[in-house]
Amino acid sequence: MKTHEINRIRPFSALIDACWREPYTLQRLLKDAIAGVTVGIIAIPLAMALAIASGVPPQYGLYTAAVAGIVIAVSGGSRYSVSGPTAAFVVILYPVSQQFGLAGLLIATLLSGLFLVIMGLARFGRLIEYIPLSVTLGFTSGIAITIGTMQIKDFFGLQLEQVPENYVGKLLALLQALPTLDVGDTLIGAVTLLILIFWPKLGLRVPGHLPALLAGTALMGALALFDHPVATIGSRFSYLLADGGRGQGIPPILPQLVLPWELPGGDGKPFSLSWHTLSALLPAAFSMAMLGAIESLLCAVVLDGMTGKKHHSNTELIGQGAGNIIAPFFGGITATAAIARSAANVRAGATSPVSAVIHALLVLLALLVLAPWLSYLPLAAMASLLLMVAWNMSEAHKVVYLLRRAPKDDILVMLLCMSLTVLFDMVIAITVGIVLASLLFMRRIARMTRLSELSADRGRLVLRVNGPLFFAAAERIFTELLARSEGYQVIVLQWDAVPVLDAGGLSALQRFIDELPAGKRLAITDIPFQPLKTLARARVQPIEGKLHFYPTLPEALAALDG
């Protein structure tokens with residue numbers, strides 16, 4: 001697929017390419033159905049666990065997987081992506097839900113959807129290629145560390161009245177709460193985690209999430225025989241019944257159309273929709289959009305490598321935006337393409353976005369049929385599930401490889417991004433990481449620009465400039481040239497290896513020409529197209545007896561000798 005076709009905005013491109021331009025047969029539908037059911041089984045517990053980790057009741061994770069999953073699959077640009085709540089968002093969503101409540105979280109999600117649509121329309125889809133690996137590894141590993149830390153409380157059944165917002169405070173509070181450890185919760189968490197770790201080694205096609213959660217629930221039942229209660233979804237979460245009473249766990253109803261600003265705000269108080277509130281939510285919404293764009297496009301790139309197909313990046317951003325705009329009106333929180341679920345979708349034999357739609361329909365069916373049973377899931381088992389997600393997200397093998405083999409600059413960027421994500425904020429980490437990586441890259445490129453001596457005789461110095469003459473290198477090069485040209489009346493510079501001349505390089509050149517002593521001449525030869533265009537645009541003209549331009553080095557030497 002050509003670059004201009006990838007950059008085009010083609011609404012519903014994944015669905016059209018997979019189901020219209022290619023014949024969609026009954027055999028393909030069967031493959032999509034199997035893949036959709038497989039991914040749905042994985043998505044149901046994950047969606048609930050991620051909603052809980054984000055600070056909202058578990059049903060809102062299911063609403064997200066269902067509504068956003070359908071909208072993004074139909075309108076996006078990656079035919080194999082499966083979208084829903086993901087672990088990467090937890091570190092952003094949790095503080096928003098604590099401060100602004102469910103209403104604020106849904107409004108921030110809606111705003112993030114608008115940002116994503118704008119990014120897609122502005123054709124920012126290919127900009128993902130300009131984010132260095134050290135930055136993405138740094139902030140994803142930092143997010144994984146934060147998520148893993150957040151699961152310690154439920155994994156061990158610790159009693160904490162209030163969880164501090166900053167990471168160091170969280171760690172201290174968890175350490176102080178260790179004496180409240182619950183043996184039952186810890187046992188359930190450990191058994192669930194061990195099954196999740198060792199299940200893939202059995203080589204079975206059944207996802208490990210299901211047997212792990214079933215084992216954790218069975219162990220909870222065994223503990224109940226000894227009158228040892230453990231925390232479950234039903235014991236922590238409740239919902240309002242039609243008669244005014246309260247039900248425990250997850251309501252067995254489909255997502256309802258709601259206005260996000262009419263839902264409860266922080267501490268259950270009514271939400272106040274105002275310019276001040278929107279301004280306070282904008283930074284979080286922008287963070288959600290940036291992370292959603294990065295994760296969805298990274299996922300699409302991974303899937304392209306697995307399948308040999310090509311995604312449409314700008315259409316994918318618009319699809320992600322549409323999903324995050326529509327989902328909040330049905331109680332859905334922030335969604336993006338989930339790499340693990342999407343990869344499972346491909347491995348299960350998916351052929352089109354229909355599989356993602358079927359996965360979303362299975363989630364809706366689970367809401368109607370399985371809601372009472374899902375309420376019995378132990379929170380310690382859900383914490384184990386998220387610990388496994390955090391470990392997979394950390395990509396520890398890539399981190400170790402980078403620490404062992406990468407240049408020191410990349411290691412510094414990765415560790416800084418990781419630390420800033422854990423201690424402060426993902427947006428700060430990405431911003432600082434990209435700026436630092438860019439500066440270090442420019443320093444590396446600037447050091448590659450150098451002067452090579454070709455000849456020096458009869459009062460004439462001939463040098464070749466190797467590398468770009470841009471702002472980070474030009475000043476050093478012309479300062480060095482000034483020192484090396486002492487005692488020579490004619491300086492000849494061959495520019496055939498100068499790919500770029502920018503404003504900084506042009507300024508340094510003009511300053512060098514102005515500082516040339518009377519009687520000393522400068523000749524420049526073999527100028528490539530871009531530097532020649534820059535010189536022409538700046539109207540740099542030959543100066544009689546001082547500055548000369550020649551097409552080639554031999555012509556310059558012949559003219560100067562004459």
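Residues numbered from 1 in each chain as written. Predicted model: local features only at pLDDT ≥ 70, side-chain atom pairs only at ≥ 80, totals over all residues. Heavy atoms only, no water.

**Examining the UniProt feature "domain: STAS" (unreviewed entry) in the protein chain**
- Within this structure's numbering, the places UniProt gives as "domain: STAS" (unreviewed entry) are residues 450–560.
- Overall, residues 450–560 shows 40% helix and 29% strand. The separation of its end C-alpha atoms is 24 Å. (UniProt positions renumbered as here; feature names shortened; annotations may be inferred. Helix = DSSP H or I, 4+ residues; strand = E, 2+ residues; numbered from the N terminus.)

**Details of the environment of threonine 217**
- Of note, threonine 217 is situated in helix H10 (residues 209–224).
- In this structure threonine 217 touches Tyr376, Leu377 and Pro378, once residues within four positions along its chain are discounted. (Contact = heavy atoms within 4.5 Å.)

**Points about the packing of helix H20 (residues 426–448) against helix H21 (residues 471–484)**
- The contact between H20 and H21 brings their axes to 8 Å, and the two run at 35°. Between H20 and H21 lies a crossing of right-handed hand. Residues Met442, Ala446 and Arg447 of H20 form the contact with H21, whose participating residues are Phe471, Ala472, Ala473 and Arg476.
- In terms of residue class, the contact of H20 with H21 is made up of five nonpolar, no polar and two charged. (Axes fitted to C-alpha atoms, helices over the stretch in contact; angles between N-to-C directions. Left-handed = near helix turned anticlockwise from the far one by under 90°. Nonpolar A, V, L, I, M, F, W, Y, C, P; charged D, E, K, R; others polar.)

**Topic: the nonpolar core**
- Formed by 92 residues in total, the largest nonpolar core has its most connected members in Met48, Ile233 and Met288.
- Take this core: its biggest share by element is 14 residues, from helix H5 (residues 90–121).
- Once residues within four sequence positions are removed from consideration, methionine 288 is found in contact with Phe89, Ile92, Leu93, Val96, Leu105, Ala108, Thr109, Ser112 and Thr334.
- By size, the runner-up hydrophobic cluster in this structure holds 26 residues, among which are Val465, Ala508, Ile527 and Leu547. (Core = buried A, V, L, I, M, F, W, Y, C linked by side-chain atoms within 4.5 Å. Buried < 20%, exposed > 50% of the residue type's maximum accessible area, 1.4 Å probe, protein only.)

**With respect to helix H8 (residues 167–176)**
- Tyr167, Gly169, Lys170, Ala173 and Leu174 are the residues of H8 that are buried. The arc that holds every buried residue of H8, seen down its axis, measures 155°, which confines them to one face. Exposed and oriented more than 90 degrees from the buried face of H8 are Leu175 and Gln176.
- Looking at the buried positions of H8, the neighbouring elements they touch are helix H6 (133–150), helix H7 (152–156) and helix H19 (408–423). (Arc of directions from axis to C-beta.)

**Observations regarding the packing of aromatic side chains**
- Taken as a whole and judged by the stated rule, the model has six aromatic pairs.
- Considering the side-chain rings of phenylalanine 470 and phenylalanine 471, the 5.4 Å spacing of their centres and the 80° angle between planes classify their relative orientation as edge-to-face.
- Residue phenylalanine 470 is classed as buried on the basis of its relative accessible area, which comes to 10%.
- Centre to centre, the rings of phenylalanine 478 and phenylalanine 512 are 5.6 Å apart; their planes meet at 40°, and the pair counts as tilted. With phenylalanine 478 in helix H21 and phenylalanine 512 in helix H22 (residues 503–515), this pair connects stretches of sequence that are 34 residues apart. (Phe/Tyr/Trp six-rings, centres within 6.5 Å; stacked < 30°, edge-to-face > 60°.)

**Observations concerning the domain arrangement of the protein chain**
- Each assigned domain of the protein chain is listed with its residue range as follows: domain 1 (13–407) and domain 2 (449–561).
- Look at where the C-alpha atoms of domain 1 and domain 2 centre, and you get two points 58 Å apart. (Domains from an automatic or database assignment.)

**Quick word on the side chain of serine 485**
- Along the chain, serine 485 falls in the loop between H21 and strand E7 (490–497).
- Serine 485 gets classed as buried once you look at its relative accessible area, which sits at 2%.
- Sequence-distant contacts of serine 485, defined by excluding residues within four places in its chain, comprise Leu461, Ile491 and Lys520.

**A word on the sheet that holds strand E9 (residues 547–550)**
- A sheet is described by the order of its strands in space; here five strands give the open sequence E5-E6-E7-E8-E9, paired in mixed fashion. Edge positions in the sheet fall to strand E5 (450–457) and E9, since each has one partner strand and no second. Shown here is a sheet whose adjacent strand axes are inclined to one another by a mean of 20°, direction ignored.
- Taken strand by strand, H22 contacts E7, strand E8 (521–525) and E9, and its axis lies near 150° from that of E8. (Pairing = 2+ DSSP bridges.)

**Examining the pattern of salt bridges**
- If you walk through the whole model with that rule in mind, you get 14 salt bridges.
- Its salt-bridge partner being arginine 28, residue glutamate 22 comes within 4.0 Å of it at the nearest N-O pair.
- Note that arginine 443 is salt-bridged to aspartate 409, the shortest N-O span being 3.3 Å. You can see arginine 443 sitting in helix H20 and its partner aspartate 409 sitting in helix H19, a full 34 residues away along the chain. (Salt bridge = Lys/Arg side-chain N within 4 Å of Asp/Glu carboxyl O.)

**Observations concerning a nonpolar patch on the surface**
- Side chains of Val168, Leu172, Leu175, Leu178, Leu423, Phe424, Ile428 and Val432 sit close together on the surface and give an oily, nonpolar patch of about 730 Å² of accessible area.
- At the level of secondary structure, the elements contributing two or more residues to the nonpolar patch comprise H8 and H20.
- Looking at the nonpolar patch element by element, the count peaks at three residues for H8.
- Within the secondary structure, isoleucine 428 is located in helix H20.
- A relative accessible area of 40% means that isoleucine 428 is categorised as partly exposed. (Patch = residues over 30% accessible without salt bridge, like charges linked within 9 Å, V, L, I, M, F, W, Y side chains within 5 Å. Areas by Shrake-Rupley, 256 points an atom, 1.4 Å probe, with all protein chains shown as cover.)

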